[in-house]
Each structure stands twice: as C-alpha cells, then as structure tokens.
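An overview of the molecular structure
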Amino acid sequence: MTTYPFGMSTPTAGAATLTPRRSSRFVAWVRAWRAGLVPYDEVADAIAGDEEHLVADAPGTWTDVPLGAALPTLAKLSPDEIRLVLPAPGDPRGLPGPGDFAGAALVAGEAVVAGGLGLIPQVRLHTSGSGDCFETVLWRVYPLPANAPAASLSLPGAAEAEAELAAALAETTAALTRLDVAQWRPELAGALAALRRPDGATDLPPGFDPRARRLFARAAVLDRVLALAGHAAPGGAINNYEAQQRDAALRPLTTACRQALVAACNAPLRP
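Residues numbered from 1 in each chain as written. Predicted model: local features only at pLDDT ≥ 70, side-chain atom pairs only at ≥ 80, totals over all residues. Heavy atoms only, no water.

**A short note on the packing of aromatic side chains**
Here is the rule we go by: Here the aromatic set is Phe, Tyr and Trp, taking the six-membered ring for Trp, and pairing holds for ring centres within 6.5 Å; pairs whose planes are under 30 degrees apart are stacked, those over 60 apart are edge-to-face, and all others are tilted. Throughout this description, the term charge over a ring refers to an Arg CZ or Lys NZ atom that lies within 6 Å of the ring centre and within 35 degrees of the ring normal.
Scanning the entire structure with this criterion turns up three aromatic pairs. Lying across the ring of tryptophan 33, arginine 34 places its NZ or CZ 4.8 Å from the centre.

What follows is the structure, encoded as structure tokens:
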C-alpha cells in the first residue's frame, strides 16, 4: 500500500489535503513583492509551484496569458491594497459588495482583492491525446465597483485569530472524539498530529513576523485536514444524521481556520 502524507492511504484522500489555497500564496507573495522584499522574477514561480498558472481577462490583454506576464498589472499597488478573502455562504466578510466578483468568490470559497481588481483561481482539468490527465490554474480577473471598500474592518488581527483558532481546535477535537470519528476516518488522527509539525509548503515569504508565520503554517495544514474531514466517508461509513453531527462539529473550526489564514496573509509586513 502506498503511504501518503498525514497518515492517508489513498490518492483520493491525498487530493483532498495536498493543495493549499492558491489565493493565500498569491496574496502572500505579491504583497512581499510590492513591499520590495522579494524580486519580481521569483513571484510567479513561488505562487505556481509545479502547476501551470494562466490569467484571463487581465487589463490590456486579449487572451489568456502566463501569470508572470499579468503581474505587472499590480505593480503600482501597495501591499495593503492586496488582501486575501475567504468567503463562505452566510459569511461574506472581506468581499467588496455584491456583484459578479462576489458571487464567483462565494462559489470558489477564495479570492484576491487587489486594488480595483478581483482575482479568483479556477482549476481546469485536461486530458491529453494519450489519455494522461493534467490540470491548469486559470486566474480570472474581475473589475471591482468604483466605490468598493478598501478593506473589511470586521476581520480579526493575527493575535485574535490565533486565540480563536486554538480554542476552536480544542473544542472540535473533543467533539470529534465524542462522535468516534476514528471509526470512519482513522487517518484524521495522523492528520491532526501533523499540526504540530508544519511542512515547508506552508511557509510565507520574507516580511511576515513570527506570529503570522506560525498562524499561517498551522492554519494551512488544518485547512487541508478539514477538506479531508468534510469529504464523505469511504464505503458509506456514516449515515446522514452522523454526517450532520460531523458538519456541526467542524463548522466553528472551519470558520476559525478561514479567519486565521486571512489574518496571517493580510498581516502588516516588516523589512
């Protein structure tokens, strides 16, 4: 049997947890670039990693362009004009009011607000002539309303988000233990243990202080754990009532995790 990170044993389980939110990396690296802390030449590769990233509808373009070719569109922005948004149904905090961008961001569950533009990543699946499957990430650019708010004052700072995440994690772990979650998702025990040893894939670029780094590392791993926990258990291991109990137990932690990622990526930068 092939072994996957966080104690998982199947490719399907791995797929649920191995991809951090692309918008978080976009915001962190573009903000560091605009603060003069990382060179432009490194930004696109740091965001994309091993993936192919394209941008659609960027100002001044007529077709999809590589991510690196679209980044100069953001060259006049300050770091504080670039922020991460992780909305959810019933929790649209950070979105610049109703419109096409807000609707698409709610569907995607993540987005970037960059001055007068909004960007949302979309994953496209392709099949080659030989039958091989591969993905590309398309960042779709949306113009924002002229009167869109520059920032949301209701979002917590890093210190508050860290405290809320710790409290929610303790509460949720106790709830999942009472539900005997290990009976249908035994790999979650190893996944939660991974929170104590974040890997290099959850690091931030230069400029973020130790609290933001610690918060991002923990929340990024936990975000992927929650993606696994929210998936249907294999083999129909739980019924609808048990699934509702699971979702109710995970909801406070999911909210705290989103707020933690936002607070870490949007935290003030230091030289």
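**So, helix 3 (residues 40-48)**
Just so we agree on the cut-off: The buried label goes to any residue with under 20% of its type's maximum accessible area, the exposed label to any with over 50%, and the partly exposed label to all in between, with areas taken from a 1.4 Å probe on protein chains only. Numbering of helices and strands runs from the N terminus, with a helix taken as a DSSP run of H or I at least four residues long and a strand as a DSSP run of E at least two residues long. By the convention used here, residues are in contact when the closest approach between their heavy atoms is within 4.5 Å.
Among all positions of helix 3, only Val43, Ala44, Ala46, Ile47 and Ala48 are buried. As for helix 3, its buried residues are in contact with helix 2 (22-34), strand 1 (52-56) and helix 4 (67-70).

**With respect to the environment of alanine 146**
The residue alanine 146 is located in the loop between strand 6 (133-143) and helix 6 (158-178) in this model. A relative accessible area of 88% places alanine 146 in the exposed class. A C-alpha to C-alpha distance of 7.2 Å links alanine 146 and glycine 116, two positions 30 residues apart in sequence.

**Focus on the side chain of arginine 258**
Here is the rule: Under this definition, polar contacts are N or O atom pairs within 3.5 Å; protein pairs additionally need one hydrogen-donor-capable and one acceptor-capable atom, and for neighbouring residues in sequence, both atoms have to be side-chain atoms.
Relative to the assigned elements, arginine 258 resides in helix 9 (residues 240-265). For arginine 258, a relative accessible area of 9% puts it in the buried group. Within the structure, arginine 258 has its side chain in polar contact with the backbone oxygen of leucine 86 (distance 2.7 Å). Look past the residues within four positions of arginine 258 in its chain and what remains in contact with it is Arg21, Leu86, Pro87, Ala88 and Asp91.

**Regarding the nonpolar core**
Quick note on the threshold: In this text, buried Ala, Val, Leu, Ile, Met, Phe, Trp, Tyr and Cys residues form a nonpolar core when linked through side-chain atoms within 4.5 Å. Boundaries of every domain are those given by an automatic assignment or by a domain database.
Residues Phe26, Val30, Leu71, Leu74 and Leu165 are the most contacted members of the largest nonpolar core, which totals 57 residues. It is helix 9 that contributes the most residues to this core, ten residues altogether. In this structure, this core is formed jointly by two domains, domain 1 (22-143) and domain 2 (158-266), each of which donates at least three residues. Non-local contacts of leucine 165, meaning those with residues more than four positions away in its chain, are made with Leu215, Arg218, Ala219, Leu222, Leu253, Ala256, Cys257 and Ala260. Counting residues in hydrophobic clusters, the runner-up holds ten residues, among them Leu95, Phe101, Ala102 and Tyr142.

**Some thoughts on the side chain of serine 23**
Among the secondary structure elements, serine 23 is positioned in helix 2. Aside from chain neighbours lying at most four places away, what touches serine 23 is Leu84, Glu110, Ala111, Val112, Pro121 and Trp139.

**Comments concerning the sheet that holds strand 6**
For clarity, the threshold we go by: At least two DSSP bridges between two strands are required for those strands to pair. Under this scheme, a helix contributes an axis fitted over its contacting stretch, all axes are lines through C-alpha atoms, and angles between N-to-C directions fall in the 0 to 180 degree range.
Strand order in this open sheet of six strands is 2-1-6-5-4-3, and the pairing throughout is mixed. Of all strands in the sheet, those with a lone pairing partner are strand 2 (65-66) and strand 3 (82-85), marking the two edges. Judged from the two bridges that link them, strand 1 and strand 2 form a sheet pairing that is antiparallel. Residue pairing in the sheet places valine 55 in a bridge with valine 65 of strand 2. Against the sheet, helix 2 makes contact with strand 1, strand 3, strand 4 (111-114), strand 5 (117-127) and strand 6, and its axis sits at roughly 165 degrees relative to strand 3, the strand it touches most.

**Quick notes on the confidence of the model for the protein**
Selection rule: By definition, pLDDT measures how confident the predictor is in each residue, and it falls between 0 and 100.
Residues at a pLDDT of 70 or more form 76% of the protein, whose mean pLDDT is 80. Note on residues 1-18: pLDDT under 50 across the span, and 31 contacts to partners over four residues away in sequence or across chains. This stretch, residues 233-237, has a pLDDT under 50; its non-local contacts, to residues over four places away or in other chains, come to seven contacts.

**Observations concerning the pattern of salt bridges**
How we decide: A pairing counts as a salt bridge when a side-chain nitrogen of Lys or Arg comes within 4 Å of a carboxyl oxygen of Asp or Glu.
Under the defined criterion, the tally for this structure stands at ten salt bridges. For aspartate 80, the salt bridge is made with arginine 31, and the minimal N-O distance between the two is 3.7 Å. Separated by 49 residues along the polypeptide, aspartate 80 in the loop between helix 4 and strand 3 and arginine 31 in helix 2 bring together distant segments of the chain. Since its relative accessible area comes to 63%, aspartate 80 is described here as exposed. Across the pair arginine 258 and aspartate 91 runs a salt bridge whose closest N-O atoms are separated by 3.0 Å.

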